[in-house]
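# Structural features, examined
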Amino acid sequence: MAFQDWMKEANLIGGAWVGADGGATIDVTNPADGSVIGTIPKGGTAETDRAIAAATEAFPGFRDMSLMERCNLLWKLHDALMDNQKDLAELLTVEMGKPMAESMGEIAIGAQYVRWFAEEARRAKGEIVPAGVNGRRILVTKHAIGVVGMITPWNFPSSMLARKVAPALAVGCTVVAKPATATPYSGLAWGALCEEVGYPKGVMNVVTGSAREISKAMMESAAVRKITFTGSTEVGKELIRGSADTVKKVSMELGGNAPFVVFDDADLEKAVEGAMVSKFRNAGQTCVCANRIYVQSGIHDAFVARLKEKTEALKVGDGREDGVEQGPMIDMDAVEKVEEFVADAKEKGGEIVTGGGRHGNGGTFFEPTIMTGATQAMKFATEEIFGPLAPVFKFETEEEAIAMANDTVYGLACYAYTSDLARAFRLNEGLAYGMIGINSGLITTVEAPFGGVKESGLGKEGGSQGLEDYLETKYVCIDGI
């Protein structure tokens, strides 16, 4: 097969591949060269309502399917992902722009999420609680929540859906998924994969088109019992408000503003390597990437010099070319936003160490950029960059670093490099983040709960906690025993 074989240009609703009711379509472009690679249906309220109806009809049968049947389907889904890893990765690169090596990794971790939840579903146990009254038994049981609406972003269009779909299918929920308009094909491919491995019709539905109409239909439907969303905090707040009228369960993985703190006692090479992985992966377009790099004064100059060497060695280009380490940004709006951050920082005294502007490749390519002299007064100190710009702040004391790191409404991921074990424990206590990487710049793994605190979201994805978000807990009191 080739990647085009997975490029579905239709919605999956109730087991049928269909277009939008009125025939309207949306062009999908390759950010590396701006070319149109295909079209998708411009669906809206009516199409979403039918998808919800199909998921609602399919739910009782799928919920009541034996646990091992559901687990076996997930195993088949895992194998299908890995058997087609290269084609699915190329499709991802063509629509999103990231290097093939990163896309291959994204498909692989998506498969790992499927495998993890196939195993974890067998441990979704209830309990028998001691009763305070003789002759009674108290049972606590777990049950699939029902139809789940899923809204996913463009930056990780496959793996972000994987860690929602896998636990939902594992416990017996049915799905209506809305992938991002900029990168829809990786989401539609999940529909094709589920169809190929034998999921019943209506269990997996994928609708593309108007984000506002599709999400509104999900919000207003009493049949949709949970909404899971990955994206901006601004949109997440709207979805939380919209879910209130039908009191849906929500899980939200929202914006980040990750600090990356390097202490004088850090291993310099490891700290620089960690910063490179955290900052420039996916061209800095990740919610957990290093947004603010805080470096203690004693190691600051050496760190910046080594980071400059590594950054200038990055190969920028089309993600399908051999050796490319940074692809294009998703669109021109993203480029202009990074330019605004650079201009703001320069105006306030920041200095460009390397990069600083659009790349010679043209289009939406942007130079990997380092700036020094960063301060808390600059925009990127409080706003998410989402691009290949690494601002370096200098600090003196641990207390100062923690205070600056926490000076944001976000609390998703943070990183710190130190050889002091006691400091590592203090950082765990002091840093207000849902995920903390000590001496590691890449911490996402299927075995651990992924999620933030403060305005970075609600709920967890991954780990045993990721399964709980798709379950409801019931209590049964049996008397007269």
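Here, the structure is the one placed above.
Residues numbered from 1 in each chain as written. Predicted model: local features only at pLDDT ≥ 70, side-chain atom pairs only at ≥ 80, totals over all residues. Heavy atoms only, no water.

The next point concerns the overall build of the chain. Tallying secondary structure elements over the chain gives 14 helices and 20 strands in all. Against the globule reference of 23 Å for 481 residues, the chain gives a C-alpha radius of gyration of 23 Å, in line with a compact fold. Considering only C-alpha atoms, the chain reaches an extent of 70 × 60 × 40 Å along its principal axes. By residue count, 56% of the 481 residues in the chain fall in the buried class. A fraction of 73% describes how many contacts in the chain between residues 6 or more apart in sequence connect residues 24 or more apart. Only carbon and sulfur atoms are counted for the fraction: they give 51% of the accessible area of the chain, which is about 18,600 Å². Averaging the positions of the 47 positive and the 65 negative side-chain charges in the chain gives two centres separated by 6 Å. (Helix = DSSP H or I, 4+ residues; strand = E, 2+ residues; numbered from the N terminus. Rg over C-alpha atoms; globule rule 2.2 N^0.38 Å. Buried < 20%, exposed > 50% of the residue type's maximum accessible area, 1.4 Å probe, protein only. Contact = heavy atoms within 4.5 Å. Areas by Shrake-Rupley, 256 points an atom, 1.4 Å probe, with all protein chains shown as cover. Lys, Arg positive; Asp, Glu negative; His and termini not counted. Charge placed at Lys NZ, Arg CZ, Asp CG, Glu CD.)

For the rest of this paragraph, the subject is a negative patch on the surface. Together, Asp331, Asp333, Glu336, Glu340 and Glu383 give the surface a local cluster of negative charge. With respect to the helices, strands and loops of the structure, glutamate 336 is situated in helix α11 (residues 332-347). Overall, the relative accessible area of 36% leaves glutamate 336 in the partly exposed class. (Patch = residues over 30% accessible without salt bridge, like charges linked within 9 Å, V, L, I, M, F, W, Y side chains within 5 Å. Salt bridge = Lys/Arg side-chain N within 4 Å of Asp/Glu carboxyl O.)

Turning to unusual backbone geometry, a few remarks are in order. Phi is positive for asparagine 439, close to 60°, though the residue is something other than glycine. Considering the arrangement of structural elements, one finds asparagine 439 in the loop between β18 (435-438) and β19 (457-458). The exposure class of asparagine 439 is partly exposed, given its relative accessible area of 39%. Phi at lysine 454 is positive, roughly 55°, even though this residue is not glycine.

With that settled, the discussion passes to the pattern of salt bridges. Taken as a whole and assessed by the stated rule, the structure comprises 23 salt bridges. Note that glutamate 455 is salt-bridged to lysine 237, the shortest N-O span being 3.0 Å. Taken as a pair, glutamate 455 in the loop between β18 and β19 and lysine 237 in helix α8 (residues 233-243) lie far apart in primary sequence, 218 residues in all. Salt bridges linked by common partners bring Arg163, Lys164, Glu253 and Glu461 together as one network.

Spatial strand order, β14-β15-β16-β13-β12-β17-β18: seven strands in an open sheet with mixed pairing. The open sheet has two free edges, formed respectively by β14 (351-354) and β18, since each of these has just one partner strand. Going from strand to strand, the sheet's axes swing by 25° on average, the running direction of each strand aside. Here four bridges tie strand β13 (residues 290-296) to strand β16 (residues 389-395), and the two strands are oriented parallel to one another. Its bridge partner being in β16, glutamine 296 is matched across the sheet by phenylalanine 395. (Pairing = 2+ DSSP bridges. Axes fitted to C-alpha atoms, helices over the stretch in contact; angles between N-to-C directions.)

The full count for this structure, using the stated rule, is seven aromatic pairs. Pairing phenylalanine 380 with phenylalanine 393 gives two aromatic rings, centres 6.1 Å apart and planes at 75°, and the pair type is edge-to-face. Here the residue phenylalanine 380 occupies a position in the loop between β15 (369-372) and β16, and phenylalanine 393 occupies one in strand β16, the gap between them amounting to 13 residues. The pair formed by phenylalanine 380 and phenylalanine 393 is uniform in burial state, with each residue classed as buried. Three or more aromatic residues joined by ring pairs form one cluster here, namely Phe260, Tyr415 and Tyr417. (Phe/Tyr/Trp six-rings, centres within 6.5 Å; stacked < 30°, edge-to-face > 60°.)

Residue placement: glutamine 285 occurs in the loop between α9 (268-280) and β13. There is a polar contact of 3.0 Å between the side chain of glutamine 285 and the backbone nitrogen of isoleucine 330. Apart from residues no more than four positions distant in its own chain, glutamine 285 is found in contact with Met96, Trp154, Asn155, Phe156, Pro328, Met329, Ile330, Ala334, Phe386 and Gly387. (Polar contact = N/O pair within 3.5 Å; in protein donor to acceptor, adjacent residues only side chain to side chain.)

Quick look at the packing of helix α5 (residues 159-171) against helix α6 (residues 185-197) now. It is the contact of α5 with α6, at a shortest axis distance of 11 Å, that shows an interaxial angle of 30°. The orientation of α5 relative to α6 falls into the category roughly parallel. For the pair α5 and α6, the crossing hand works out as right-handed. Side by side, α5 and α6 meet where Leu161, Ala162, Val165 and Leu169 of the first sit next to Gly187, Trp190 and Cys194 of the second. Looking at side-chain class alone, the contact of α5 with α6 contains six nonpolar, one polar and no charged residues. (Parallel < 35°, antiparallel > 145°, perpendicular 65-115°, else oblique. Left-handed = near helix turned anticlockwise from the far one by under 90°. Nonpolar A, V, L, I, M, F, W, Y, C, P; charged D, E, K, R; others polar.)

Relative to the helices and strands, lysine 164 is located in helix α5. A relative accessible area of 0% places lysine 164 in the buried class. Side chain to side chain, lysine 164 and glutamate 461 meet in a polar contact 2.7 Å long. Not counting the four nearest positions on each side in its chain, lysine 164 is found in contact with Met150, Ile151, Thr152, Thr228, Phe229, Thr230, Glu461 and Tyr470.

Look at α9: 18 Å from first C-alpha to last across 13 residues, which is about the 18 Å you get at 1.5 Å a residue. Along α9, the residues classified as buried are Ala271, Val272, Gly274, Ala275, Met276, Ser278, Lys279 and Phe280. Contacts from the buried residues of α9 go to β12 (258-262), β13, α10 (297-312), β15, β16 and β17 (413-417). With a side-chain oxygen lying 3.2 Å from the backbone nitrogen of glutamate 269, the N-terminal cap of α9 falls on aspartate 267. Within two residues after α9, asparagine 282 carries a phi angle of roughly 60°, on the positive side. (Expected span 1.5 Å × (residues − 1).)

So, on to the packing of helix α7 (residues 211-220) against α8. The N-to-C vectors of α7 and α8 enclose an angle of 35°; their axes lie 9 Å apart at closest approach. At the point where α7 passes α8, the crossing takes the right-handed sense. Mapping the contact onto sequence places Arg212, Ser215 and Met219 in α7 and Glu238, Leu239, Gly242 and Ser243 in α8. Tallied by class, the residues present in the contact of α7 with α8 amount to two nonpolar, three polar and two charged.

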